[in-house]
Each structure stands twice: as C-alpha cells, then as structure tokens.
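Survey of secondary and tertiary structure
Each chain, written out:
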Amino acid sequence: MTDKWLIWARKIQAISQSGLAFSKDIYDIERYEQLKELSAEIISEYSEQSTDDIVAVLSNESGYQTPKVDVRGVVFQNNKILLVKEKFDNKWALPGGFCDVGLSASENVIKEIQEESGFICVAKRLIALLDMNKHPHPQQLFHYYKIFILCEISGGQAACGIETEAIDFFAEDNLPPLSLNRNTRGQIKMAFDFLKDSHGFPIID
C-alpha cells in the first residue's frame with residue numbers, strides 16, 4: 001500500500017542512521033549525513049513538510065533502525081466493539097498507542113485501554129501482527145508494526161483520557177468515521193471475524 005518513493009526514502013534513512021551509529025570514520029559519517037539529507041529531500045518532494053523539518057525529526061532517531069511498534073486493544077461487549085474518539089483528529093480508533101520500553105505487549109495494551117477508555121482489562125489472545133505498509137493507512141514517515149490483542153473487561157468504567165473525548169461500543173454495521181492512521185475498516189472487520197471464530201490462528205502481515 002505504501003508508495004515506492006517512501007519505501008526507498010525509509011531504506012536510505014535506515015542505512016544513514018545505522019552508519020551514523022556505528023561508523024568511526026569522519027568521511028563515512030559525512031556521507032551518511034548526506035544520505036539522511038537525501039532521504040529528507042525525497043520525502044519533502046512528495047509531502048507538505050519542509051526538508052529542514054524532516055531532517056529535524058530524523059535526527060531524533062539513533063541506533064540501528066527498526067520498525068516502530070503500535071498496539072491496539074480489541075474489546076467486545078454484547079457483540080459490539082470498543083472504540084475511543086481521538087482528540088487529535090476527532091475520529092475513532094481501537095484504544096492503543098506506541099509500546100513503551102519496559103512493558104510487554106499485553107501490559108502495554110492493558111495500560112492504553114485503561115488510560116484511553118477507563119476500563120480495566122485482561123489480555124486474552126493475539127489476533128494479528130500487521131505490517132502497516134500492507135494496509136491502506138495514510139502514508140507516514142516511519143515504518144510501523146501493529147499488534148492487535150483481544151482483551152476482556154474485568155473492571156473500571158467508561159472515562160475519557162488525556163487523548164480521548166468520547167467512548168462507545170459499535171456494531172459491525174454501524175461504525176463511526178475511523179482514524180485511519182490507527183486502524184482501518186478492514187482491521188475492524190478482522191476483529192469481528194475473530195469474534196465469530198476465535199479458534200483461528202493469528203494473522204500476520
């Protein structure tokens with residue numbers, strides 16, 4: 001789903017970042033800095049961001065470049081799925097976010113669900129580990145893996161968090177406008193399919 005120019009720019013950036021992390025030669029370091037600039041120029045050419053702004057973001061990254069990890073909690077109640085309305089874009093998403101260092105995937109999703117919806121949950125099963133590049137998300141600067149985990153409410157009550165302004169449960173045929181950076185309609189359908197047949201294997205890619 002991701003345009004080739006962005007895939008190429010990410011690869012150039014990854015080479016640059018790894019080179020800057022491990023190279024000791026001043027001339028090689030200069031070449032890797034040039035690769036970072038080239039990556040930023042490519043992204044700027046096809047987006048609304050300036051080269052300088054992109055370089056600033058990329059300069060915050062260090063070490064060997066790997067995909068970033070996003071976790072999403074799938075919670076059902078009476079055959080309806082829990083979604084939260086994001087303040088960022090006023091659209092709806094499965095509760096979740098970037099995984100924090102020091103927490104497992106299940107610990108992360110439990111934390112995110114409670115922070116964004118008020119519900120206390122128990123993680124039950126892995127539904128999917130998806131590559132964002134292979135799904136119709138809006139294109140983003142970095143490469144992401146998305147983990148979907150089935151969870152069950154064990155306590156708490158609906159309460160908005162810092163990043164959310166509404167909480168509700170939705171039927172499969174009555175979904176609200178979705179925050180496509182976070183989840184797609186196809187991924188919500190995937191969650192409902194899992195509800196109907198929970199004996200299936202997790203989906204990858």
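The rules behind the values
Residues numbered from 1 in each chain as written. Predicted model: local features only at pLDDT ≥ 70, side-chain atom pairs only at ≥ 80, totals over all residues. Heavy atoms only, no water. Core = buried A, V, L, I, M, F, W, Y, C linked by side-chain atoms within 4.5 Å. Buried < 20%, exposed > 50% of the residue type's maximum accessible area, 1.4 Å probe, protein only. Helix = DSSP H or I, 4+ residues; strand = E, 2+ residues; numbered from the N terminus. Contact = heavy atoms within 4.5 Å. Pairing = 2+ DSSP bridges.

**Re the nonpolar core**
If you look at the biggest cluster of nonpolar residues, it comprises 19 residues, and the most contacted ones within it are V74, I81, L83, I127, F148 and I188. For this core, the secondary structure elements donating two or more residues are strand 1 (68–77), strand 2 (80–86), strand 5 (119–131), strand 6 (144–156) and helix 5 (185–196). Those residues within four positions of I81 in sequence are excluded, and the remaining contacts are V74, V75, F76, L94, D168, F169, F170, L175, I188, A191 and F192. Counting residues in hydrophobic clusters, the runner-up holds 13 residues, among them I113, I147, C151 and I167.

**Considering the pairing of strand 1**
Burial analysis of strand 1 places seven of its ten residues in the buried class, which makes it a mostly covered element. In this structure, strand 1 lies alongside strand 6, joined through eight bridges in parallel fashion. Directly across from V69, in strand 6, lies its bridge partner Y145. Of the pairings in the sheet, the one linking strand 1 to strand 4 (residues 96–98) comprises three bridges and is antiparallel in character. Counted as the bridge partner of D70 is F98 from strand 4. Here strand 1 folds back onto strand 2, and the loop between the two strands holds two residues, one of which, N78, carries a positive phi near 55 degrees.

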